[in-house]
Amino acid sequence: MSLEWVIKIISENWPMFLRGAGLTLMIALIGTVIGAVIGLLAGVIRTIPMPERGAKKLLLNVINAILSIYIEFFRGTPMIVQAMVIYYGSALAFGIDMNVFAAAIIVVSINTGAYMAEIVRGGIVSIDKGQFEAAHAIGMTHVQTMWNVVLPQVIRNILPATGNQFVINIKDTSVLNVISVTELYFVTKSISGNNFRYFESFFVACMIYFVMTFIVTRILLYIEKKLDGADNYTMISNDTLQK
């Protein structure tokens, strides 16, 4: 590897690297947020108590079946294949001329949603059943119990997994180059094709990916610590108030 070439590639192409990295972060962030919302809704629906009989039971069974197919399909197929099917397949099968950026957001969002649905469901199931019983005992409905008691705990518990999914999405956006999304990998491939210095060009891209994921990881750890609060704290008592 030539250090001179690395410096030369950075100095001549830094605006392209910057745009590619910015688009990578944008797609990963928007896709993770939308995917987390999809996963949250799917996870909550899949944990609704099943009625014993009636139309509600039938409807819930149908919805759960659809969600199960969605989760299994998008967890069981590669994102690169999903991108090809959604972008090119929608054009060939339905005549939909989809914008590549919109297609990228859709692919990352629904892929993330499939994984987040199981993460959320696991987080809800892990909550002690006594909390559900206590909430119902004071007259809360299932929706009120989920909104006021369960979900605040679940969101905190799944925050590390959500952050990890964000980091994964930053790296996995590289597969979107197959539908010509000008993210970091696509830009690097174009640069290396112009200068024929593949090792040096992709070394620069590798370092950019590492810096992005490293910074994001540290920010998420900082947020987690803030949510956890101080390690040591003094409880207020009557003696403290009298002083």
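Residues numbered from 1 in each chain as written. Predicted model: local features only at pLDDT ≥ 70, side-chain atom pairs only at ≥ 80, totals over all residues. Heavy atoms only, no water.

**Observations regarding the layout of surface pockets**
Of the voids in this model, the largest pocket is the one considered here, and its volume is about 340 Å³. Around the largest pocket, the lining is made up of 15 residues, and of these Thr32, Val33, Ala36, Leu159 and Thr162 lie nearest the centre. Of all the secondary structure elements, the ones that give two or more residues to the lining of the largest pocket are α1 (3–45), α4 (100–126) and α6 (142–172). When its residues are assigned to classes, the lining of the largest pocket shows 12 nonpolar, three polar and no charged. When its volume is computed, the second largest pocket comes out at roughly 230 Å³. (1 Å grid on protein atoms, 1.4 Å probe; cavity = no way out; pocket = protein on both sides within 12 Å on 5 of 7 lines; lining within 4 Å. Points joined across faces, edges and corners; volume = space filled by probe spheres on them. Helix = DSSP H or I, 4+ residues; strand = E, 2+ residues; numbered from the N terminus. Nonpolar A, V, L, I, M, F, W, Y, C, P; charged D, E, K, R; others polar.)

**Brief notes about the packing of α1 against helix α8 (residues 198–228)**
In the contact formed by α1 and α8, the axes pass within 10 Å of each other and the chain directions differ by 45 degrees. By the angle between their directions, the pair α1 and α8 is classed as oblique. Considering only the axes of α1 and α8, their crossing is right-handed. In this structure, α1 uses Trp5, Val6, Ile9, Ile10, Phe17, Ala21, Thr24 and Leu25 to contact α8, whose residues at the interface are Glu200, Ser201, Phe203, Val204, Ile208, Tyr209 and Met212. Among the residues making up the contact of α1 with α8, the classes are represented as 12 nonpolar, two polar and one charged. (Axes fitted to C-alpha atoms, helices over the stretch in contact; angles between N-to-C directions. Parallel < 35°, antiparallel > 145°, perpendicular 65-115°, else oblique. Left-handed = near helix turned anticlockwise from the far one by under 90°. Contact = heavy atoms within 4.5 Å.)

**With respect to the confidence of the model for the protein chain**
For the protein chain, per-residue confidence averages 86 on the pLDDT scale, and residues scoring 70 or more make up 93% of the total. Per-element averaging of pLDDT across the protein chain places helix α9 (residues 238–242) at the bottom with 50 and α4 at the top with 91. (pLDDT = per-residue confidence, 0-100.)

**Remarks on the packing of aromatic side chains**
Two measures describe an aromatic ring pair: the distance that separates the ring centres and the angle between the ring planes. Inspection of the entire model under this criterion finds five aromatic pairs. Aromatic pair Phe73 and Phe74: ring centres 5.1 Å apart, planes at 85 degrees, arrangement edge-to-face. For Phe73, a relative accessible area of 46% translates into the label partly exposed. Its relative accessible area of 14% is what places Phe74 among the buried residues. Feature note: the residues Tyr70, Phe73 and Phe74 constitute an aromatic cluster, connected by ring pairs. (Phe/Tyr/Trp six-rings, centres within 6.5 Å; stacked < 30°, edge-to-face > 60°. Buried < 20%, exposed > 50% of the residue type's maximum accessible area, 1.4 Å probe, protein only.)

**Some words on the side chain of Thr112**
Topologically, Thr112 is positioned in helix α4. Classification of Thr112 as buried rests on a relative accessible area of 0%.

**What about the pattern of salt bridges?**
Within the structure shown, the criterion is met by five salt bridges. Residues Arg46 and Glu118 are paired through a salt bridge, measuring 2.4 Å at the closest nitrogen-oxygen approach. Of this pair, Arg46 sits in the loop between α1 and α2 (55–76) while Glu118 sits in helix α4; the two residues are 72 residues apart in sequence, bridging distant segments of the chain. Through salt bridges with shared partners, a single ionic network connects Arg46, Arg75, Glu118 and Arg121. (Salt bridge = Lys/Arg side-chain N within 4 Å of Asp/Glu carboxyl O.)

**Focus on unusual backbone geometry**
The phi dihedral of Ser180 falls on the positive side, at around 70 degrees, and the residue is not glycine. When you line up the elements, Ser180 lands in the loop between α6 and α7 (184–195). Not every positive phi belongs to a glycine, and Phe196 is a case in point at roughly 60 degrees. Looking at where Phe196 falls in the secondary structure, it is placed in the loop between α7 and α8.

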